[in-house]
Amino acid sequence: MPLLIQNRRIERPGSTVDLFARYPHLQENARVFRSKPVVDVDPKCLLYIQQREFAATTPADNSVAVLGSDDATTCHLVLVRHTGSGAACLAHCDGSSTWSEVPLIVKAVTSLSKDPAKEGRLELYLVGGFDDESKTSHKLSLNLLSAFQRQKEDIHLETCCITGTCFHSVIFSLSLFFFIQPRAIYVESLAAMLAQGPCYAFILEVLVM
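Residues numbered from 1 in each chain as written. Predicted model: local features only at pLDDT ≥ 70, side-chain atom pairs only at ≥ 80, totals over all residues. Heavy atoms only, no water.

Enquirer: What should I look at first to understand the state of the cysteines in this one?
Expert: One way to say it: the disulfide is the covalent bond shared by the sulfur atoms of two cysteines. Taken as a whole and assessed by the stated rule, the structure comprises zero disulfides. Of all cysteine sulfurs, the one in Cys75 lies closest to Cys93, which takes part in no disulfide; the gap is 8.3 Å. When its relative accessible area of 1% is taken as the criterion, Cys93 is described as buried. (Disulfide = S-S within 2.5 Å. Buried < 20%, exposed > 50% of the residue type's maximum accessible area, 1.4 Å probe, protein only.)

Enquirer: Please clarify how helix H3 (residues 98-110) should be interpreted in this entry.
Expert: It helps to recall that an α-helix has 3.6 residues per turn; residues three or four apart then point in one direction. Between the first and last C-alpha of H3 there are 19 Å, a value that for 13 residues agrees with the 18 Å anticipated at 1.5 Å per step. By the burial criterion, the buried members of H3 are Thr98, Glu101, Val102, Ile105, Val106, Ala108 and Val109. Across the axial projection of H3, the buried residues extend over an arc of 155°, all falling on one side. Buried residues belonging to H3 abut strand S5 (54-57), strand S7 (76-82), strand S8 (88-93), strand S9 (122-128), helix H4 (136-149) and strand S10 (155-161). (Helix = DSSP H or I, 4+ residues; strand = E, 2+ residues; numbered from the N terminus. Expected span 1.5 Å × (residues − 1). Arc of directions from axis to C-beta. Contact = heavy atoms within 4.5 Å.)

Enquirer: Is there a simple way to explain the side chain of Asp94 in this structure?
Expert: Positionally, Asp94 belongs in the loop between S8 and H3. Judged by relative accessible area, which is 18%, Asp94 ranks as buried. Here the side chain of Asp94 touches Gln51 through a polar contact of 2.9 Å, side chain to side chain. Side chain to side chain, Asp94 and Ser96 meet in a polar contact 2.7 Å long. (Polar contact = N/O pair within 3.5 Å; in protein donor to acceptor, adjacent residues only side chain to side chain.)

Enquirer: Where do I start with the sheet that holds S5 in this structure?
Expert: Strand pairs in the sheet, formed through backbone hydrogen bonds, run parallel or antiparallel to each other. Reading across from one edge, S2-S1-S10-S9-S7-S8-S5 is the order of the seven strands in this open sheet, with mixed pairing throughout. Edge positions in the sheet fall to strand S2 (8-9) and S5, since each of these pairs with one other strand and no more. Contacts from H4 reach strand S1 (3-5), S7, S8, S9 and S10 within the one sheet, and its direction differs from that of S7 by about 20°. (Pairing = 2+ DSSP bridges. Axes fitted to C-alpha atoms, helices over the stretch in contact; angles between N-to-C directions.)

Enquirer: Before we go on, may I ask you to explain the nonpolar core in this structure?
Expert: Inside soluble globular proteins, nonpolar side chains tend to come together where they are buried. Counting 30 residues, the largest nonpolar core has Leu19, Leu26, Val78, Val80, Leu124, Phe148 and Leu157 as the members making the most contacts within it. Those elements that place two or more of their residues in this core are S1, helix H1 (16-22), S7, S8, H3, S9, H4 and S10. Apart from residues no more than four positions distant in its own chain, Leu19 is found in contact with Ile5, Pro13, Leu26, Leu145 and Cys160. (Core = buried A, V, L, I, M, F, W, Y, C linked by side-chain atoms within 4.5 Å.)

Enquirer: Would you take a moment to explain H4 for this structure?
Expert: Between its terminal C-alpha atoms H4 stretches 20 Å, which fits the 20 Å expected from 14 residues at 1.5 Å a residue. Burial of H4 is extensive: eleven of the 14 residues sit out of reach of the surface. Along H4, the residues that are buried comprise Ser137, Leu140, Ser141, Leu142, Asn143, Leu144, Leu145, Ser146, Ala147, Phe148 and Gln149.

Enquirer: Sorry if this is basic, but what is going on with the confidence of the model for the protein chain here?
Expert: In this model, the protein chain carries a mean pLDDT of 79, and residues with pLDDT of at least 70 account for 76%. Confidence, read as mean pLDDT per element, is least for strand S13 (residues 201-206) in the protein chain (32) and greatest for H3 (96). (pLDDT = per-residue confidence, 0-100.)

Enquirer: Got a minute to help me understand the packing of H3 against H4 in this structure?
Expert: Axis angle and axis distance: for two packed helices, these are the angle between their axes and the distance between the axes, and together they describe the pair. Interhelical geometry of H3 versus H4 gives an angle of 50° and a closest axis separation of 9 Å. One finds that H3 runs oblique with respect to H4. Crossing hand, H3 versus H4: right-handed. Only Leu140, Asn143, Leu144, Ser146, Ala147 and Phe148 of H4 make contact with H3, whose side of the interface consists of Thr98, Trp99, Val102 and Val106. Taken together, the residues of the contact of H3 with H4 sort by class into seven nonpolar, three polar and no charged. (Parallel < 35°, antiparallel > 145°, perpendicular 65-115°, else oblique. Left-handed = near helix turned anticlockwise from the far one by under 90°. Nonpolar A, V, L, I, M, F, W, Y, C, P; charged D, E, K, R; others polar.)

Have a look at this one:
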């Protein structure tokens, strides 16, 4: 099934500019996303995902409370979660294997969400990229959207702070943290010149089950 935005199927966009022109609320959501206050990130019970890696867990996991990744510039940080089971998968994608990665990300979440008593839907959160001269970020943004459109499951695009809305032509290093309990997403973004400073994260959204 194609991706869904506000419970409606979307057509494959020709560019991120086209996407945000069709769905201006995504751009507004990205603006709100960037304006959130910063908070400290506690590394306790954090499972760190490096570039070209992904990991999935559920609220029943007693060892992992936070999924996190950082140091993403042209890379994109991808979160898929199931609203019923609370299962979530965080990936750090660099474009090297997008078409094979996305089905594995979706499968990781659906395989942890088989309890019929916990009905819900799959939600997608995309963060990362900037308007680099080589258009590497733009290509990855479109390929990720296309790859998720090819999945058989309905997937609802909730947050899309990517190339064209995220940080435009300024190079930033991004981090994304998903807190399993309570379920909240945080994103860290520090300009390159502040890279040696304290580690902070912007609150993206509190996810209520």
